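Tertiary structure, described
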Amino acid sequence: MTSQWNSGINDRKLKEEICEIGRRVYNKGFAAANDGNISIRVGENEVLCSPTMICKGFMTPEDICAVDMEGVQIAGKRKRTSEVLLHLAIMKHRPDVKAVVHCHPPHATAFAVAREPIPQCILPEIEVFMGEVPIAPYETPGGHAFANTVVPFLGNGTNTIILTNHGTVTFGKTLEDAYWKTEILDAYCRILLLSKQLGKVTYLNERESVELLDLKKKLGFDDPRFHVENCDLCGNTAFREGYKENKLEPIAFEPPPQYKGYLERQKEASSTPQPKASSSADIDTESLIKLITEQVVSALNK
């Protein structure tokens, strides 16, 4: 079946791309032994994915298999990964997502094990390229229950989710885009842990945080804070509905400062009356001439 993306389950170039991302994941130490899985959507009902029980650093195009959007295997000599259901859940709820990478980057997974929220408003690159990183509740990997843990956190602007006591899942329009999110997150988590060893992290102030979100919007990147009402600027509250039964509080890091949300700030700005521009009729011409004359005479007398 030909897809709307002009590829399909037999597209060797896309299979090679999955293998390349697998090598990157393995070489970076994000997936030990057979850990992790990778997928890319190639049609309305077709998804290429890595197979189960294979090292991501040594895959070949012949190893890649294909499933439909319900997880039924439709091609490939190897058995598909059981965790592809997680990928499919993301693709179903986010039609803009074409590629998903799941692995266990050690620094980010440390936050998953400690169940520590990822602080916001610290590093500019994280604010612009990621934003809030929600933490999905734990569920035994593999089944539909596991896949459904991420559903409450798939709002507009999300591209990265921590899987409690498990790892991470990142997603985007391309495989490279999805992979870069993993690399950015793990580097950030490493910086946070090193900063903690030095004593503390320092949050950006309100003006600096707003400027980064303004820049993000200008660059065309989405963010949950652009959509959620009453969302704190730095407080990890964009996904509070998903945390109803398991609200995570920072323990290792100091809570962020409390600033007005991005939407609230915009509403206030739009409702504030703007000063009326002066017209020529409003200017006291006689007084203006007198003031200029006085300044000219004063300058000549110096």
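Structure report, in brief. (Residues numbered from 1 in each chain as written. Predicted model: local features only at pLDDT ≥ 70, side-chain atom pairs only at ≥ 80, totals over all residues. Heavy atoms only, no water.)

What follows covers the overall build of the protein chain. Across its full length, the protein chain holds nine helices and eight strands. Looking at the 302 residues of the protein chain, the share that counts as buried comes to 47%. The contacts of the protein chain with a sequence gap of at least 6 include a subset with a gap of at least 24, amounting to 67%. (Helix = DSSP H or I, 4+ residues; strand = E, 2+ residues; numbered from the N terminus. Buried < 20%, exposed > 50% of the residue type's maximum accessible area, 1.4 Å probe, protein only. Contact = heavy atoms within 4.5 Å.)

Taken as a whole, the largest pocket encloses approximately 390 Å³ of empty space. In this structure, the largest pocket is lined by 19 residues; those nearest its centre are Arg-94, Asp-96, Asn-159, Asp-177 and Asp-222. Partitioned by chemical class, the residues of the lining of the largest pocket number six nonpolar, six polar and seven charged. By volume, the second largest pocket is sized at about 310 Å³. Around the second largest pocket, the lining is made up of 23 residues, and of these Gly-235, Asn-236, Lys-247, Pro-250 and Pro-256 lie nearest the centre. (1 Å grid on protein atoms, 1.4 Å probe; cavity = no way out; pocket = protein on both sides within 12 Å on 5 of 7 lines; lining within 4 Å. Points joined across faces, edges and corners; volume = space filled by probe spheres on them. Nonpolar A, V, L, I, M, F, W, Y, C, P; charged D, E, K, R; others polar.)

Let's shift gears to the packing of helix 3 (residues 106-114) against helix 6 (residues 175-198). Remark: helix 3 packs on helix 6, axes separated minimally by 7 Å, with the N-to-C direction vectors making an angle of 70°. Accordingly, the angle class assigned to the pair helix 3 and helix 6 is roughly perpendicular. Seen from helix 3, the contacting residues are Pro-106, His-107, Ala-108 and Phe-111; seen from helix 6, they are Leu-185, Asp-186, Cys-189, Arg-190, Leu-192 and Leu-193. Among the residues making up the contact of helix 3 with helix 6, the classes are represented as seven nonpolar, one polar and two charged. (Axes fitted to C-alpha atoms, helices over the stretch in contact; angles between N-to-C directions. Parallel < 35°, antiparallel > 145°, perpendicular 65-115°, else oblique.)

What follows covers the pairing of strand 1 (residues 37-41). Across the five residues that make up strand 1, a large majority, five, are buried. Burial along strand 1 is two-sided: the face carrying Asn-37, Ser-39 and Arg-41 and the face carrying Ile-38 and Ile-40 are both buried. As paired strands, strand 1 and strand 5 (residues 99-103) are joined by four bridges and run antiparallel to one another. Its bridge partner being in strand 5, Asn-37 is matched across the sheet by His-102. In sequence, strand 1 turns back onto strand 2 (residues 47-49) through a hairpin of five residues. (Pairing = 2+ DSSP bridges.)

Turning our attention to the state of the cysteines. Applying the stated criterion to the full structure yields one disulfide. Note that Cys-121 is cross-linked by a disulfide to Cys-234, the S-S spacing being 1.9 Å. In this structure the cystine formed by Cys-121 and Cys-234 twists about its S-S bond by roughly -85°; its chirality is therefore left-handed. Of this pair, Cys-121 sits in the loop between helix 3 and helix 4 (124-129) while Cys-234 sits in the loop between helix 7 (206-218) and helix 8 (262-271), and the two are 113 residues apart along the sequence. Considered together, Cys-121 and Cys-234 belong to a single accessibility category, that of buried residues. Counting only cysteine sulfurs, Cys-49 is the nearest neighbor of Cys-65, a cysteine outside any disulfide, at a range of 3.7 Å. (Disulfide = S-S within 2.5 Å.)

The next point concerns helix 1 (residues 12-27). Spanning 16 residues, helix 1 covers 22 Å between terminal C-alpha atoms, matching the ideal 22 Å at 1.5 Å per step. By the burial criterion, the buried members of helix 1 are Leu-14, Lys-15, Ile-18, Cys-19, Ile-21, Gly-22 and Val-25. All buried residues of helix 1 fall inside an arc of 160° around its axis, so they share one side. In this structure, helix 1 carries Lys-13 and Asn-27 as exposed residues pointing more than 90 degrees from its buried face. Contacts made by the buried residues of helix 1 are with strand 1, strand 2, strand 5 and helix 6. A distance of 3.0 Å separates the backbone nitrogen of Lys-13 from a side-chain oxygen at the start of helix 1, and that oxygen is part of Asp-11. (Expected span 1.5 Å × (residues − 1). Arc of directions from axis to C-beta. Polar contact = N/O pair within 3.5 Å; in protein donor to acceptor, adjacent residues only side chain to side chain.)

What follows deals with the environment of Pro-255. Following the sequence through the fold, Pro-255 ends up in the loop between helix 7 and helix 8. C-alpha of Pro-255 to C-alpha of Cys-234: the two residues are 21 residues apart in sequence and 9.3 Å apart in space. When near neighbours in sequence (up to four residues on either side) are disregarded, Pro-255 contacts Tyr-203 and Pro-250.

Moving on to the pattern of salt bridges. If you walk through the whole model with that rule in mind, you get 17 salt bridges. Across the pair Glu-206 and Arg-265 runs a salt bridge whose closest N-O atoms are separated by 2.8 Å. Here Glu-206, found in helix 7, pairs with Arg-265, found in helix 8; they are 59 residues apart in sequence, far enough to count as distant. Residue Arg-265 is classed as partly exposed on the basis of its relative accessible area of 22%. When salt bridges that share partners are traced, they join Glu-20, Arg-23, Arg-24 and Glu-176 into one network. (Salt bridge = Lys/Arg side-chain N within 4 Å of Asp/Glu carboxyl O.)

Here Glu-116 shows up in the loop between helix 3 and helix 4. This buried residue, Glu-116, is left without a salt bridge; Lys-196 holds the nearest opposite charge, at 7.5 Å. There is a polar contact of 3.1 Å between the side chain of Glu-116 and the backbone nitrogen of Ala-252. Looking at Glu-116, its side chain comes within polar contact range of the main-chain nitrogen of Phe-253, at 3.2 Å. When residues no more than four places from it in sequence are discounted, the contact partners of Glu-116 are Phe-111, Ile-135, Glu-249, Pro-250, Ile-251, Ala-252 and Phe-253. (Lys, Arg positive; Asp, Glu negative; His and termini not counted.)

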